[in-house]
Amino acid sequence: MSKVFEPLEIGKLNIPNRFVRSATYYALSDVNGYISDESVELMKTLAEGEVGLIITGYAFVSKQGQVFPDMNGIDEDDHISAYQKMTRAVHERKGKIVMQIAHGGAQATFAAKGEGDYVAVSLNGDLPDFGRKPRELTDVDIIGIIESFGQAARRVQASGFDGVQIHGAHGYLVSEFLSPTTNHRKDKWGGSLENRMRFLIEVIRSIKKQVSNDFPVMIKLGCRDYLDGTDSLTIEEGKQVAKAIEKEGIALIEISHGRVDKNFRKMMEKINSVEKEAFMLDDAKAIRSAVSIPLCLVGGIRTLSVAEKLVGSGVVDCISICRPFIREPDLVKQFKKSAKTTADCISCRGCMNRDDEGKLHICCRHLEKSKAVGK
Ligand SMILES: Cc1cc2nc3c(=O)[nH]c(=O)nc-3n(C[C@H](O)[C@H](O)[C@H](O)COP(=O)(O)O)c2cc1C
């Protein structure tokens, strides 16, 4: 049997195969981040599709870090009972599920456009323009957010999840601290790489204090920025970060990107040949040379043969997929029974669709609406 269908141990967590559903925001929660029955249905569908490990869409650890009005939240204990329903549904189907937790930082669009608190690592960084200036984080704020991550992780374990994943990529707060393009602080949280990664290290320590010793703490790490012509996070720095967090007891690193420009966005599109797949493979190789903990790679993986090569060669231990599962949540099952060898997804950016009332639906634009999960 191909190695991609063999189990993998991630600390005490044993997953049945090497296919991970990368965290995917689904616009199914209410404005306070309370999940709906539809979210539970979605996770059931993925578990029935035999995905080895499901990672939920990102959940905000505090309202200040809320990116969308309908994203998941994990900022209060009251969320736990609904998530227990979700984890039970997945476990009843023999699936495994991890929650991704996040703070949007200066990319917290919803916080930025609302009346509340909206913060940035430093004000003179390269920030998105939401028409309102954020407030620069104080020392007290930073300590408070670190504590919020710990408290969120405690709730994640109490909800029955099989682990927690820190969102440390895509320009959100952890990534904002790591990148010299957004972190211009002159205190202990900015400047040298050691200072820029201090926030992440403290977040991990805070989480570890709140969960049991054997509870897997994972991260989706923006290992480098993909920004042309600027002094941004390099893969050499990404390797140093990976080494440091391995020492802190991180169970798995999912390799992803930090801040991106339009060239990177092009790499994400029209993945119609195997050459265009796994577009961050070089970063995976670099991180593999630095650490020995389990690694996962995301980004443009569409065919079974590419997945087999990535796992078979040992560059990574598992691979993760986002957009193809929006169209085909049973993709792994189909691969397994040789019903197909390539995902249908054409990476067209047609996953975010608005209905007549302006409500966002995450579904494949090319699928009959009635069949799309999330409609
Ligand atoms: C609709 C949508 C929602 C996403 N939500 C998240 C998220 O909540 N957290 C995250 O880390 N990445 C998120 N991503 C990024 C994906 O997890 C993944 O890193 C990216 O799409 C590349 O993988 P793919 O080529 O398999 O789609 C999202 C992407 C899409 C298209």
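Everything below is about the structure shown above.
My aim in this report is to walk through the structure given alongside it, one point at a time. (Residues numbered from 1 in each chain as written. Predicted model: local features only at pLDDT ≥ 70, side-chain atom pairs only at ≥ 80, totals over all residues. Heavy atoms only, no water.)

### A look at the site of the ligand
Argument step 1. With respect to spatial proximity, 21 residues lie near the ligand, and among them Ala 23, Gln 100, Gly 300, Arg 302 and Arg 323 are the closest.
Argument step 2. At a separation of 3.3 Å, an oxygen atom of the ligand approaches a polar side-chain atom of Ser 22.
Argument step 3. A distance of 3.0 Å separates an oxygen atom of the ligand from a polar atom in the side chain of His 167.
Argument step 4. Summarising the interface, the protein chains cover 90% of the accessible area of the ligand, which totals 610 Å² for the free molecule. (Near = heavy atom within 4 Å. Polar contact = N/O pair within 3.5 Å; in protein donor to acceptor, adjacent residues only side chain to side chain. Areas by Shrake-Rupley, 256 points an atom, 1.4 Å probe, with all protein chains shown as cover.)

### Digging into the pairing of strand 12 (residues 252–256)
Argument step 1. The buried count for strand 12 comes to five of five residues, which makes it a mostly enclosed element.
Argument step 2. Taking every second residue as pointing to the same face, both faces of strand 12 are buried, with Leu 252, Glu 254 and Ser 256 on one and Ile 253 and Ile 255 on the other.
Argument step 3. The pairing of strand 11 (residues 217–222) with strand 12 spans five bridges and is parallel. Following the sheet pairing, Met 218 is matched in strand 12 by Leu 252.
Argument step 4. Taking the sense of rotation as the criterion, the β-α-β connection linking strand 11, helix 8 (residues 235–247) and strand 12 turns out right-handed.
Argument step 5. Summarising the sheet, strand 12 and strand 13 (residues 295–298) pair through three bridges and their orientation is parallel. Bridge pairing in strand 13 places Glu 254 opposite Cys 296. (Buried < 20%, exposed > 50% of the residue type's maximum accessible area, 1.4 Å probe, protein only. Helix = DSSP H or I, 4+ residues; strand = E, 2+ residues; numbered from the N terminus. Pairing = 2+ DSSP bridges. Right-handed = clockwise from strand over helix to strand, strands pointing away.)

### A few points about helix 7 (residues 198–210)
Argument step 1. Over its 13 residues, helix 7 extends 19 Å from the first C-alpha to the last, a length consistent with the 18 Å expected when each residue adds 1.5 Å.
Argument step 2. For helix 7, the full list of buried residues reads Phe 199, Leu 200, Ile 201, Val 203, Ile 204, Ser 206 and Ile 207. (Expected span 1.5 Å × (residues − 1).)

### Let's talk about helix 4 (residues 139–158)
Argument step 1. Its 20 residues give helix 4 an end-to-end C-alpha distance of 29 Å, which sits within 8% of 28 Å, the value for a rise of 1.5 Å per residue.
Argument step 2. Three or more residues of helix 4 are buried, namely Asp 141, Ile 142, Ile 145, Ile 146, Ser 148, Phe 149, Gly 150, Gln 151, Ala 152, Ala 153, Arg 155 and Val 156.
Argument step 3. Looking at the buried side of helix 4, the elements it contacts are helix 2 (80–92), strand 7 (97–102), strand 9 (135–136), strand 10 (164–168), helix 5 (173–178) and helix 7.
Argument step 4. The positive-phi residue at the C-terminal boundary of helix 4 is Gly 160, with phi of around 95°. (Contact = heavy atoms within 4.5 Å.)

### Looking at the environment of Ala 112
Argument step 1. Residue position: Ala 112 is located in helix 3 (residues 109–113).
Argument step 2. Ala 112 sits 220 residues away from Val 332 along the chain, and the two C-alpha atoms are 38 Å apart.
Argument step 3. Each residue touching Ala 112, except ones within four places of it in the same chain, is listed here: Tyr 118, Phe 130 and Arg 132.

### Quick look at the pattern of salt bridges
Argument step 1. Scanning all chains against the criterion turns up 23 salt bridges.
Argument step 2. A salt bridge links Asp 37 to Lys 85; the nearest nitrogen and oxygen atoms lie 3.1 Å apart. One end of the pair, Asp 37, is in helix 1 (residues 37–48); the other, Lys 85, is in helix 2, and 48 residues separate them in sequence.
Argument step 3. You can call Asp 37 exposed: its relative accessible area is 52%. (Salt bridge = Lys/Arg side-chain N within 4 Å of Asp/Glu carboxyl O.)

### Here's the deal with the packing of aromatic side chains
Argument step 1. Evaluation of the coordinates by the stated rule reveals twelve aromatic pairs.
Argument step 2. Ring centres of Phe 149 and Phe 199 lie 6.3 Å apart, and the angle between their planes is 80°; on these two criteria the pair is classed as edge-to-face. One end of the pair, Phe 149, is in helix 4; the other, Phe 199, is in helix 7, and 50 residues separate them in sequence. You'll find Phe 149 and Phe 199 in the same group, each marked buried.
Argument step 3. Consider the rings of Phe 177 and Phe 199, whose centres lie 4.3 Å apart with planes at 15°: the pair is stacked. Remark: Phe 199 occurs in helix 7 and Phe 177 occurs in helix 5; sequence separation between them is 22 residues. Judged on exposure class, the residue Phe 177 and its partner Phe 199 are both buried.
Argument step 4. Ring pairing ties together the aromatic residues Tyr 25, Tyr 58, Phe 68 and Tyr 172, which thus form one cluster.
Argument step 5. Above the ring of Tyr 226, the side-chain terminus of Arg 224 is found at 3.8 Å from the ring centroid. (Phe/Tyr/Trp six-rings, centres within 6.5 Å; stacked < 30°, edge-to-face > 60°. Lys NZ or Arg CZ within 6 Å of the ring centre and 35° of its normal.)

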